[in-house]
Structures are given as C-alpha cells and as structure tokens.
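Structural overview for review
Residues per chain are reported as follows:
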Amino acid sequence: MTIEYDGGGFAGWQYQPRRRTVQGEIESALETMVGVPVRLAASGRTDAGVHALGQVAGFRCETRLSPEIIQKGLNSMLDGDIVIRDCREAPDGFHARFDAKGKTYHYHILNHALPSAIHRRHVWFIRRPLDTTAMQEAADHLLGEHDFSAFEGAGSPRSHSIRCITEANLMKSVEGIIVFQISANGFLRFMVRNIVGSLVDVGHRKTTPARFKRILDSRDRRCAGATAPPQGLFLMQVWYAGEEVQPSWRQKNHLPT
C-alpha cells in the first residue's frame, strides 16, 4: 500500500497502546475487513506530527478481497487524515523496509512577515528573512556519501551512520513556501530535521556554508543546530528496485520561483 496521511493528529506511525497512530488505525480497519489481526511492515517510522504522501507498507493475509476492494474499504473506514493512495499485490518476499533503495523527503518553511492560517499545520513559520543562496551553498556539501552522525538523533536504529545523498535542493512553491527536497539511500532518526535546523542557521547568517561543512565533517551532534519542528516534514516517496532516484541537484536552477 502507498499511504498519505496528515501527521498532526497522530503520535507517529508506529503502533503505541492507548495512543492514536497511523499504523494502529490502519491495522484496526484491516482486521475489521479480513476478520483476523494484521500486522503492517512499513518502509520506516515517521515521528509525531510528520506527514506522508508516499509512505509504503505491506501486510500478509489470506482473503478473497481484491487489492482494489481493500483500498476502497479502508478509505471508507479511515478518518480523512489517512488515505490509501494505492493497493496492489506485492511479489513474494517483498518487505517495505528492507527492499527500499531510497527515500525522498520535503521540508516546508514559510518565510514571511505573516503566518498562514491555512498552512500552519504543515510548515515551519520563520518571520526573519532567510538567505536561501547561502542555504543552498551549504546544502550542496551534503551530496555524496558521508557519515551523518552530526545530524543524527539519539536512539537512531542503525548499524552505521553513513548515508549517500543524491539530491539536496531548495525550491519555492507557488504559495511562496521554501521547500527543501532531499533524497538518499536512507536516513537516520531526525536527520532531515537536524539538517534543516542547521541550514536555517546558515540562512540567518549565524554560521556559514563553510562552517556547515565542518559541522558535517565533525560527526558531532553538539556542533549542529537545533532540530526543526516536525510539522514541516513530509515523506514524499520510497524508492524500490527499478525506480531510479533522479539526481536533479545537478541542475543549476536550485531555487525556481
């Protein structure tokens, strides 16, 4: 299944007793449909307040219901803050997490003199102007393979902290929101939000692109900036075999208007 959700009303993706989670809501609806408990395996966890347009999760069960009927049934049972965008039969042995080759995230910043009533649950509102040229210069240092310990949150479930970034772009949406787009073969806990916090420090000229590179090379979380708030973060897409992450960072028009 490919799943879209507004994370504002959830304690994150992963099931937690007596708390509303995306996994818990979908599993409960699935059990009602197929008559037995079902456990979802997702491409990864998203934290409380984080959104998704392209989360991927799989499950196994014996049922005569087609994927199309399961999709329609779930969408009729779930609240409006979760939508099953796609549901199909997976190849034998498929695992949403272990078969993933990469992910793309967006982080949204509203950099304006006034906040937004419409977008307030989906952006980090920053009133003070940001130097986006300097931020892009700093973001370019992320490209390639690095040890991202400097941007790793405590308790990150991983065997190592080396990741390969294929895309790190700053763009502007039609609403004037700054969108940071980042693609990689994997992410550490809070990695995107910690990177964004440090990029905002560059945008506010508290530090420089060169210093940002030294923070990355330091492998020391204490050197980096504060963690950006969760509501601006979106999991956009999970990549699998046969789907190439397009490295559009090679283009020069980083910040189209």
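What counts and how
- The residue numbering used here restarts from 1 in each chain and proceeds along that chain's sequence as written.
- This being a predicted model, a pLDDT of at least 70 is required before a residue's local features are given, and a value of 80 or more before pairs of side-chain atoms are given or counted; all residues contribute to the totals for chains, interfaces and linings.
- Computation of side-chain values covers all heavy atoms of the structure but excludes hydrogens and water.
- Within this scheme, the nonpolar core is defined by two criteria: the residues are buried Ala, Val, Leu, Ile, Met, Phe, Trp, Tyr or Cys, and they are joined through side-chain atoms within 4.5 Å.
- The buried label applies to any residue whose accessible area, calculated with a 1.4 Å probe on protein chains only, is under 20% of its type's maximum; exposed applies above 50%, and partly exposed to all values in between.
- Counting from the N terminus, the helices are the DSSP runs of H or I reaching at least four residues and the strands are the DSSP runs of E reaching at least two.
- Throughout, a residue-residue contact means that at least one pair of heavy atoms, one from each residue, lies within 4.5 Å.
- Within 6.5 Å between ring centres, the rings of Phe, Tyr and Trp (the latter by its six-membered ring) count as paired, and their orientation is classed by plane angle as stacked under 30 degrees, edge-to-face over 60, tilted in between.
- Lysine and arginine charges are scored as sitting over a ring when NZ or CZ, respectively, is within 6 Å of the ring centre and within 35 degrees of the ring normal.
- For this document, the term salt bridge refers to a Lys or Arg side-chain nitrogen within 4 Å of an Asp or Glu carboxyl oxygen.
- Pairing between strands requires that DSSP locate at least two bridges from one strand to the other.

Some points on the nonpolar core
- Judged by nonpolar contacts, the single largest core of 64 residues is most densely connected at Ile-26, Leu-142, Phe-151, Phe-180 and Ile-195.
- Counting residues per element, this core draws most heavily on helix α4 (residues 191-203), at seven residues.
- With sequence-adjacent residues up to four places away left out, Leu-142 is seen in contact with Phe-148, Phe-151, Ile-165, Ala-168, Phe-180, Ile-182, Ile-195 and Phe-212.

Some words on the packing of aromatic side chains
- Within the structure shown, the criterion is met by five aromatic pairs.
- Centroid distance Tyr-5 to Trp-13: 6.1 Å. Interplanar angle 35°. Geometry classified as tilted.
- Cation over ring: Arg-39 sits above Tyr-15, and NZ or CZ is 5.8 Å from the ring centre.
- In this arrangement the basic side chain of Arg-193 is found over the ring face of Phe-190, its NZ or CZ atom lying 5.0 Å from the centre.

A closer look at unusual backbone geometry
- The backbone of Arg-18 shows a phi angle near 65°, a positive value even though the residue is not glycine.
- Mapped onto the elements, Arg-18 comes out in the loop between β1 (2-5) and α1 (22-34).
- With a relative accessible area of 83%, Arg-18 lands in the exposed category.
- Phi at Arg-219 is positive, roughly 60°, even though this residue is not glycine.
- Note that Arg-219 resides in the loop between α5 (209-218) and β10 (233-239).

Quick look at the pattern of salt bridges
- Evaluated as defined, the whole model comprises 11 salt bridges.
- Among the ionic pairs, Glu-4 bridges to Arg-85, the shortest N-O distance being 2.7 Å. Of this pair, Glu-4 sits in strand β1 while Arg-85 sits in strand β4 (residues 82-86); the two residues are 81 residues apart in sequence, bridging distant segments of the chain.
- The class of Glu-4 is partly exposed, set by a relative accessible area of 29%.
- One salt bridge in this structure joins Asp-6 and Arg-121, with 3.5 Å as the shortest N-O distance.

Some points on the pairing of β1
- Of the two faces of β1, the one holding Ile-3 and Tyr-5 is buried and the one holding Thr-2 and Glu-4 is not buried anywhere.
- Bridge count between β1 and β4: four bridges; the pairing is antiparallel. Bridging across to β4, Tyr-5 finds its partner in Ile-82.

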